[in-house]
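Per-entry structural report
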Amino acid sequence: AIGHAQIRLAGIAESRGTGALPGTSFKNGYAMAVEEINASGGVIGQQLVLTQYDIDTTPVAAEDAAKQALLAKPFAVIGPVFSGLTLAAMQHTAPSRTPHFTGGEAATLTQKFHPSLMRTSLSQLGSVPRLGALATQGLRAKKLGLLWIDNPFGRDGKAALQAAINRRGAAITFDVPVRPG
């Protein structure tokens, strides 16, 4: 509102391409949170102002949106959801030390240094070993088939699952990557 203190936020969401469904869902969630926070008086009396950048599901689009968003000096960047797109945006949010919230889960995201990257979900390093335990201990599987998406999320997930099932004496005997889209 004019005349009131504001906290600027930048939202980057995959609204077109293979990430449109999760990107739009993530965007709708944080936009609803901004509305609810503002309706209840804001954050210590300050209203949140969200500038939205809707992008194609490509690293170049995510990187361009991050660069453009940072020009407005937002308090935080929210999104994108896909790990590969988050990695592209991180090239700019990390050096700026701007808090960056992501829905991405690839282990690579936290293995690369970003002083203020925050996840909105579990990382693969926390969730995938549980999946390996379910398959090898709960279902007592000794051989597993894996069909995985060939992107940062899929590669990191496959590596984490491979390590988890190897520790339990099982093996992946069917291993097929698929291209995104």
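Along its length, the chain carries 6 helices and 7 strands. Taken from the N to the C terminus, the helices and strands of the chain come in the order β-α-β-α-β-α-β-α-β-α-β-α-β. Its C-alpha atoms give the chain principal-axis dimensions of roughly 65 × 30 × 30 Å. For the chain, with 181 residues in total, the buried portion stands at 43%.

For the rest of this paragraph, the subject is the pairing of strand β2 (residues 47-56). Relative to β2, strand β1 (residues 6-16) runs parallel, the two sharing 10 bridges. Bridging from a neighbouring strand, L9 pairs with L50 of β2. Each parallel crossover has a hand, and the one from β1 via helix α1 (residues 20-39) to β2 is right-handed.

Let's shift gears to helix α6 (residues 152-167). Quick reminder: α-helices carry 3.6 residues per turn. Residues three or four places apart thus point the same way. Counted at 1.5 Å a residue, the expected span for α6 with its 16 residues is 22 Å, and the 23 Å between its end C-alpha atoms agrees. Against the buried residues of α6 lie α3 (83-96), α4 (107-111), α5 (124-138), β6 (143-149) and β7 (171-178). Its side-chain oxygen placed 3.1 Å from the backbone nitrogen of F153, N151 serves as the N-cap of α6. In the stretch just after α6, G169 is the one whose phi turns positive, near 80°.

Before going further, it helps to examine the pairing of β1. Direction of pairing for β1 relative to strand β3 (residues 76-78): parallel, over a ladder of 3 bridges. From the neighbouring strand, G11 faces β3, where its bridge partner is I78.

What follows covers the side chain of T93. Within the secondary structure, T93 sits in helix α3. Among the residues examined, T93 registers a relative accessible area of 0% and is labelled buried. Contacts of T93, omitting those with residues within four sequence positions, involve L70, V77, T98, H100 and H114.

Attention now moves to the nonpolar core. Ranked by size, the top nonpolar core spans 14 residues in total, and within it A10, I12, Y53, I55, A62, A65 and V77 carry the most contacts. Elements represented by at least two residues in this core include exactly β1, β2, α2 (59-71) and α3. Here the element with the most residues in this core is α2; it accounts for 6 residues. If we skip the residues at most four places from it in the chain, I55 touches I12, A13, E14, S15, R16, A61, A62, A65 and L85. One finds L146, W148, A160 and I172 within the second-largest nonpolar core, a separate group that totals 11 residues.

This paragraph deals with a nonpolar patch on the surface. Residues L147, I149, F153, F174 and V178 make up a contiguous nonpolar surface patch of roughly 430 Å² in combined accessible area. If you list the elements that add at least two residues to the nonpolar patch, you get β6 and β7. By secondary structure assignment, the location of L147 is in strand β6. Its relative accessible area of 57% is what places L147 among the exposed residues.

Analysis parameters
- Residues numbered from 1 in each chain as written.
- Predicted model: local features only at pLDDT ≥ 70, side-chain atom pairs only at ≥ 80, totals over all residues.
- Heavy atoms only, no water.
- Helix = DSSP H or I, 4+ residues; strand = E, 2+ residues; numbered from the N terminus.
- Buried < 20%, exposed > 50% of the residue type's maximum accessible area, 1.4 Å probe, protein only.
- Pairing = 2+ DSSP bridges.
- Right-handed = clockwise from strand over helix to strand, strands pointing away.
- Expected span 1.5 Å × (residues − 1).
- Contact = heavy atoms within 4.5 Å.
- Polar contact = N/O pair within 3.5 Å; in protein donor to acceptor, adjacent residues only side chain to side chain.
- Core = buried A, V, L, I, M, F, W, Y, C linked by side-chain atoms within 4.5 Å.
- Patch = residues over 30% accessible without salt bridge, like charges linked within 9 Å, V, L, I, M, F, W, Y side chains within 5 Å.
- Areas by Shrake-Rupley, 256 points an atom, 1.4 Å probe, with all protein chains shown as cover.
- Salt bridge = Lys/Arg side-chain N within 4 Å of Asp/Glu carboxyl O.

Scope: geometric values only; no functional claims are made or implied.
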